[in-house]
Amino acid sequence: MPVLGALTRRVGHHRWFGAAVRLLVPADRLVGRLTRGRVVALGLIPSLVITTTGRRSGKPRSNPLLYVPDGDAYVVVGSNFGQAHQPGWAMNLRADPAAEVAVKGRRVPVRAQVATGAERDRLWALLVTEWPAYRAYARRAGGREILVFRLVPTGRGVPGGPTARE
């Protein structure tokens, strides 16, 4: 693990970190767009860019997120750095689970599934192994249910799925 990535994981639980990162999200979106998803979160942590459909606007909305792989799926969490409200992208997925992710420069259509029960517990364990600060975010969220999503590939860009020529 690169030194800067280890340092990021170490300080990620502090309140100031969440505030600072929220200020950097627009720049991270730009870097992700310019590199076609190859560089997200400065390459410090496994990240993707999710594009959802705005539940009110109907417009595409893109956000960089940490993810962990689960088979061929991607697992993401609506922690919102421990804020009391759900992140907009999570609410968008609740309204319309069809989305697209850009991972390492590859665009993949996905369908979001909200994890519950034992499945949520299993996926949460994967997430906190990658980013221990999620535990602090859950405490700070003030009892808000932190949503865990499993993003399952659907179609184009999926290994064994249809190709762009079909």
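Residues numbered from 1 in each chain as written. Predicted model: local features only at pLDDT ≥ 70, side-chain atom pairs only at ≥ 80, totals over all residues. Heavy atoms only, no water.

### Considerations on helix α3 (residues 88–95)
Now for step 1: Looking only at α3, the buried set comprises W89, A90, N92 and L93. End-on view of α3: buried residues confined to an arc of 160°, all on one side of the axis. Seen from the open side of α3, the exposed residues pointing more than 90 degrees away from its buried face are R94 and A95.
Now for step 2: Residues of α3 that are buried in the fold lie against β1 (47–53), β2 (60–66), β4 (73–77), β5 (98–103), β6 (106–114) and β7 (148–153). (Buried < 20%, exposed > 50% of the residue type's maximum accessible area, 1.4 Å probe, protein only. Helix = DSSP H or I, 4+ residues; strand = E, 2+ residues; numbered from the N terminus. Arc of directions from axis to C-beta. Contact = heavy atoms within 4.5 Å.)

### Some thoughts on the nonpolar core
Now for step 1: L48, Y74, V101, F149 and L151 are the most contacted members of the largest nonpolar core, which has 18 residues in total.
Now for step 2: For this core, the elements supplying multiple residues, two or more each, are β1, β4, α3, β5, β6 and β7.
Now for step 3: Residues A133, Y137, A141 and V148 belong to the second largest nonpolar core, which totals 16 residues. (Core = buried A, V, L, I, M, F, W, Y, C linked by side-chain atoms within 4.5 Å.)

### Points about the pattern of salt bridges
Now for step 1: Evaluation of the coordinates by the stated rule reveals four salt bridges.
Now for step 2: Here D70 ties to R150 by a salt bridge, and the two come within 2.7 Å at their closest N and O atoms. You can see D70 sitting in strand β3 (residues 68–70) and its partner R150 sitting in strand β7, a full 80 residues away along the chain. The burial state of D70 is the same as that of R150; both residues are buried.
Now for step 3: Its salt-bridge partner being E100, residue R107 comes within 2.4 Å of it at the nearest N-O pair.
Now for step 4: Residue R107 is classed as exposed on the basis of its relative accessible area of 51%.
Now for step 5: Connected through shared salt-bridge partners, D70, E119, R122 and R150 make up one network. (Salt bridge = Lys/Arg side-chain N within 4 Å of Asp/Glu carboxyl O.)

### Considering the sheet that holds β4
Now for step 1: One open sheet holds the seven strands; their spatial order is β2-β1-β5-β6-β7-β4-β3, and the pairing between them is antiparallel. Looking at strand neighbours, the two that pair on one side only are β2 and β3, the edges of this open sheet. Recorded for the sheet is a direction-independent mean angle of 35° between the axes of neighbouring strands.
Now for step 2: In the sheet, β1 pairs with β2 via seven bridges, with the strands oriented antiparallel. Directly across from T52, in β2, lies its bridge partner R61. (Pairing = 2+ DSSP bridges. Axes fitted to C-alpha atoms, helices over the stretch in contact; angles between N-to-C directions.)

Read these as geometric descriptors, not functional statements.
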